[in-house]
Amino acid sequence: MIMEIEEMTLPLLSLNHVSILVRSVWESVRFYEDVLGFCLVKRPSSFTFHGAWLYNYGVGIHLLENESIDPYEIVEARPINPKDNHISFQCTDVEIVKKRLEELGMRYVTAVVEDGGNKVDQVFFHDPDGYMIEICNCENIPMIPVSSCAFKPRGTTLKKVAPTAYKCGFMEKDMMDNLSMEMMNFSF
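About the criteria used
- Per-chain numbering applies: the sequence of each chain, read as written, is numbered from 1 onward.
- Owing to the predicted nature of the model, reporting of local features is limited to residues with pLDDT of at least 70; listing and counting of side-chain atom pairs is limited to 80 or more, with chain, interface and lining totals taken over all residues.
- The side-chain quantities take in all heavy atoms of the structure and omit both hydrogens and water.
- Strands here mean DSSP runs of E at least two residues long; helices mean DSSP runs of H or I at least four residues long; both are numbered from the N terminus.
- Relative accessible area decides the class of each residue, using a 1.4 Å probe on protein chains only: under 20% of the type maximum gives buried, over 50% gives exposed, and in between gives partly exposed.
- The contact rule is simple, with two residues in contact once any of their heavy atoms fall within 4.5 Å.
- Here the accessible surface of atoms and residues is derived via Shrake-Rupley with a 1.4 Å probe, and residues count as covered only by protein chains that are part of the display.
- This arc describes the spread of directions from the helix axis toward the C-beta atoms.
- Whenever a nitrogen or oxygen atom comes within 3.5 Å of another N or O atom, the pair is scored as a polar contact, on the condition that within protein one atom can donate a hydrogen and the other can accept it, and that pairs from neighbouring residues in sequence are kept only if both atoms are in side chains.
- For two strands to be treated as a pair, DSSP must find at least two bridges joining them.
- Angles run from 0 to 180 degrees between N-to-C directions of axes, and those axes are lines fitted to C-alpha atoms, restricted for helices to the stretch in contact.
- In the sections that follow, a salt bridge refers to a side-chain nitrogen of Lys or Arg positioned within 4 Å of a carboxyl oxygen of Asp or Glu.

1. Remarks on the overall build of the protein chain
- Of regular secondary structure, the protein chain possesses three helices and eight strands.
- Reading the helices (α) and strands (β) of the protein chain from amino to carboxyl end gives β-α-β-β-β-β-α-β-β-β-α.
- Out of the 188 residues in the protein chain, the part that is buried amounts to 27%.
- Considering only contacts within the protein chain whose residues lie at least 6 apart along the sequence, 52% involve residues at least 24 apart.
- Carbon and sulfur atoms make up 57% of the accessible area of the protein chain, which totals about 13,700 Å².

See the structure below:
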């Protein structure tokens, strides 16, 4: 009997952490604690390099000190570009975020995204190392799969399959239901 091996996706659960190289671990720790509300957590004692782990909102931020960067070198601030790579956090009130950033004397830019009568307010700013942070009320625009299903069938492209050519299966429906529940369980 010959068994066909079914193509499988990776058994992923969620985003665990984002790891970034920093000039000064402690300056970055202060930023992520004071501005974004992260908490410093213990990291493995077997690490032989300088760094820190922070956690909140169901995700970790791992800071790794880049020894090749002089922490005392003055770096000119880059323009804040919403189209740059960034980490995004949802919030309950964008106006409070803007007020807090102003109190801290931080530069930021805003943008508005509209779709189908729904509006998302976005605030973009840099961390001490120039990494882009976005704070938004992104839940205002519903997460709707491009097709009638959560994912297109493997081995196809959007050009090959019309959105109505297949229906969502149990797994896809369950995934979307779980995603919806997880989105409602954010803690702020």
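Having seen the structure, we can now continue with the description.
2. A look at helix α2 (residues 94-103)
- Within the span of α2, buried status applies to V94, V97, K98 and L101. The buried residues of α2 occupy an angular sector of 95 degrees when the element is viewed end-on, so they sit on one face. What points out from α2, more than 90 degrees from its buried face, is the exposed set E95, I96, K99 and E103.
- Those residues of α2 that are buried lie in contact with β6 (109-115), β7 (118-126) and β8 (132-136).
- N-cap assignment for α2: the residue whose side-chain oxygen lies 2.9 Å from the backbone N of E95 is D93.
- Directly beyond the C-terminal end of α2, a positive phi value near 70 degrees is found at G105.

3. Section: the sheet that holds β7
- Spatially, β5-β8-β7-β6 is the arrangement adopted by the four strands of the open sheet, whose pairing is mixed. Each of the sheet's edge strands pairs with one partner strand only, and the pair in question is β5 (86-90) and β6. Here the strands of the sheet are splayed against their neighbours by 25 degrees on average, with no regard to which way each runs.
- The sheet contact formed by β7 and β8 spans five bridges and is antiparallel.

4. Overview of the pairing of β7
- Examined bridge by bridge, β6 and β7 share seven bridges and lie antiparallel to one another. Bridge pairing in β7 places E114 opposite K119.
- Between β7 and β8, which pair antiparallel and follow one another directly, the connecting turn spans five residues, one of which, G130, has a positive phi of 90 degrees.

5. Overview of the pairing of strand β4 (residues 59-65)
- Judged by how many residues are buried, β4 sits mostly within the fold: five of seven residues are covered.
- Pairing geometry for strand β1 (residues 17-22) and β4, over six bridges, is parallel. What sits directly across from I20, in β4, is L63.
- Between strand β3 (residues 51-56) and the antiparallel strand that follows it, β4, lie two residues; Y57 among them carries a positive phi value of about 60 degrees.

6. Considering the pattern of salt bridges
- Following the criterion strictly, the structure yields four salt bridges and no others.
- Note that D84 is salt-bridged to R78, the shortest N-O span being 2.7 Å.
- A relative accessible area of 41% places R78 in the partly exposed class.

7. Some thoughts on the environment of V123
- Of note, V123 is situated in strand β7.
- In this structure V123 comes out as buried when scored by relative accessible area, which is 0%.
- The residues contacting V123, other than those within four sequence positions of it, are V94, V97, K98, L101, Y108, V109, T110, I133, E134 and I135.

Any link to function would need more than the numbers given here.
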